[in-house]
Every structure is written in structure tokens, then in C-alpha cells.
Amino acid sequence: MVDGALLLVDALEGPLAQTKFVVAKALARGVRPILLLNKVDREAVTEERCEEVESELFDLFAALGADDEQLDFKTLYASAREGVCTSSFQKTRQLLADKAKGKMDSGESGMGELINAVIQNTPSPTGCGEHSKQTSLDNTAETKVPYG
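S.K.: Could you give me a rundown of the overall build of the chain, with the residues and numbers involved?
M.R.: In terms of helices and strands, the chain carries five helices and four strands. The order of α-helices and β-strands along the chain, N terminus first, is β-α-β-α-α-β-β-α-α. Across the 148 residues that make up the chain, the buried fraction comes to 31%. Partitioning the contacts of the chain with sequence separation of at least 6, the portion at a separation of at least 24 is 69%. Total accessible area on the chain is roughly 9,700 Å²; 50% of this is exposed by carbon and sulfur atoms.

S.K.: Outline the layout of surface pockets, supporting the account with residue identities and numerical values.
M.R.: Within this model, the second largest pocket holds a volume of roughly 190 Å³. Of all the elements in the fold, those that place two or more residues in the lining of the second largest pocket are helix H3 (68-71) and helix H5 (112-121). When grouped by side-chain class, the residues that make up the lining of the second largest pocket number three nonpolar, six polar and five charged.

S.K.: Residue-level account of the pattern of salt bridges, with values.
M.R.: One pass over the full model with this rule turns up nine salt bridges. Aspartate 10 is the partner of arginine 42 in a salt bridge, and the nearest nitrogen-oxygen pair spans 3.5 Å. Of the two residues, arginine 42 sits in the loop between strand S2 (34-38) and helix H2 (47-63) while aspartate 10 sits in strand S1 (residues 6-10), which places them 32 residues apart along the sequence. With its nearest N and O atoms 3.7 Å apart, the salt bridge here joins lysine 99 to glutamate 82. With lysine 99 in helix H4 (residues 89-100) and glutamate 82 in the loop between strand S3 (75-79) and strand S4 (84-86), the pair connects residues that are 17 residues apart, well separated along the chain. Classification of lysine 99 by relative accessible area gives partly exposed; the value is 33%. Overall, the relative accessible area of 28% leaves glutamate 82 in the partly exposed class. Three or more residues are tied together by salt bridges with common partners; here these are Asp41, Arg81, Glu82 and Lys99.

What counts and what doesn't
- Residues numbered from 1 in each chain as written.
- Predicted model: local features only at pLDDT ≥ 70, side-chain atom pairs only at ≥ 80, totals over all residues.
- Heavy atoms only, no water.
- Helix = DSSP H or I, 4+ residues; strand = E, 2+ residues; numbered from the N terminus.
- Buried < 20%, exposed > 50% of the residue type's maximum accessible area, 1.4 Å probe, protein only.
- Contact = heavy atoms within 4.5 Å.
- Areas by Shrake-Rupley, 256 points an atom, 1.4 Å probe, with all protein chains shown as cover.
- 1 Å grid on protein atoms, 1.4 Å probe; cavity = no way out; pocket = protein on both sides within 12 Å on 5 of 7 lines; lining within 4 Å.
- Points joined across faces, edges and corners; volume = space filled by probe spheres on them.
- Nonpolar A, V, L, I, M, F, W, Y, C, P; charged D, E, K, R; others polar.
- Salt bridge = Lys/Arg side-chain N within 4 Å of Asp/Glu carboxyl O.

Just distances and angles here, no functional claims.
Laid out in C-alpha cells, this is it:
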């Protein structure tokens, strides 16, 4: 039913109580989660803090019985609010600084690395024959729901 998982963790707060439950379910199904450290635009978030959070999650994965492949999870750094995500803390912070100055190249911006990570790190579903990966993305924030 599930072929992949994106584990969204606040880069400052780190894993919360519910993280253990969610990770345990994913690991039990053999899923290799992708770690997305969010809110790296906050001044209090440092590269060292991100490394600590990543280490905490590695320890959690190991304690929950993750195999070697699951322990080798992909990590991304993002500011969802600013629409920036990369595989490097420094690159994400630089793009955020450039965006604040109005100098960001549109080819570097966005969530492209996130989409690529999902495609590259999520296996194709089994039993689909010749069909390749497919997904449906919904943006409910833009949807107007009538009431009454």
C-alpha cells in the first residue's frame, strides 16, 4: 500500500513523540524514509543542530530495528514557507539569502530536489506491469470549499 515515506521534522525541535510511532510503522513495512529537515530559515537553526537532529533520527531508526538500507536515508533541508529545498544545509541557506535579496535564480529555486529525491528513492510499485511511477499532487491551500 505504501512504497515510500517523507519524514518531515522541524530542524529546531527535532523528532517529537509521534515521530517514533510513524517511523516504526514505516520501517516495519520495509520503507526507506526520506528525511526532510524543515524550517532551516530560522536564525536559531544551525548546521550543527541539523546534524544533531539527523543523529537523533539515525539512533531512533536503529533502535526500531532499521536495516542497513533504511539507515542510509536521504536527508534534505528546506524552508517550506519560502519554497526552497536542497540536499545541503549551506546551499539552502544561501538560496534563502539570495531570495531575500531578490537575486535567486529561478532555476535553482523551488522543490525540485525534493521531487527528484522522491523519484530516486522510492521504488516503483509492484504488480503494475509496464507502468512506471505515477503520483497525484494536490494543493488544498488553493482550493475553495463552499460551505452551506
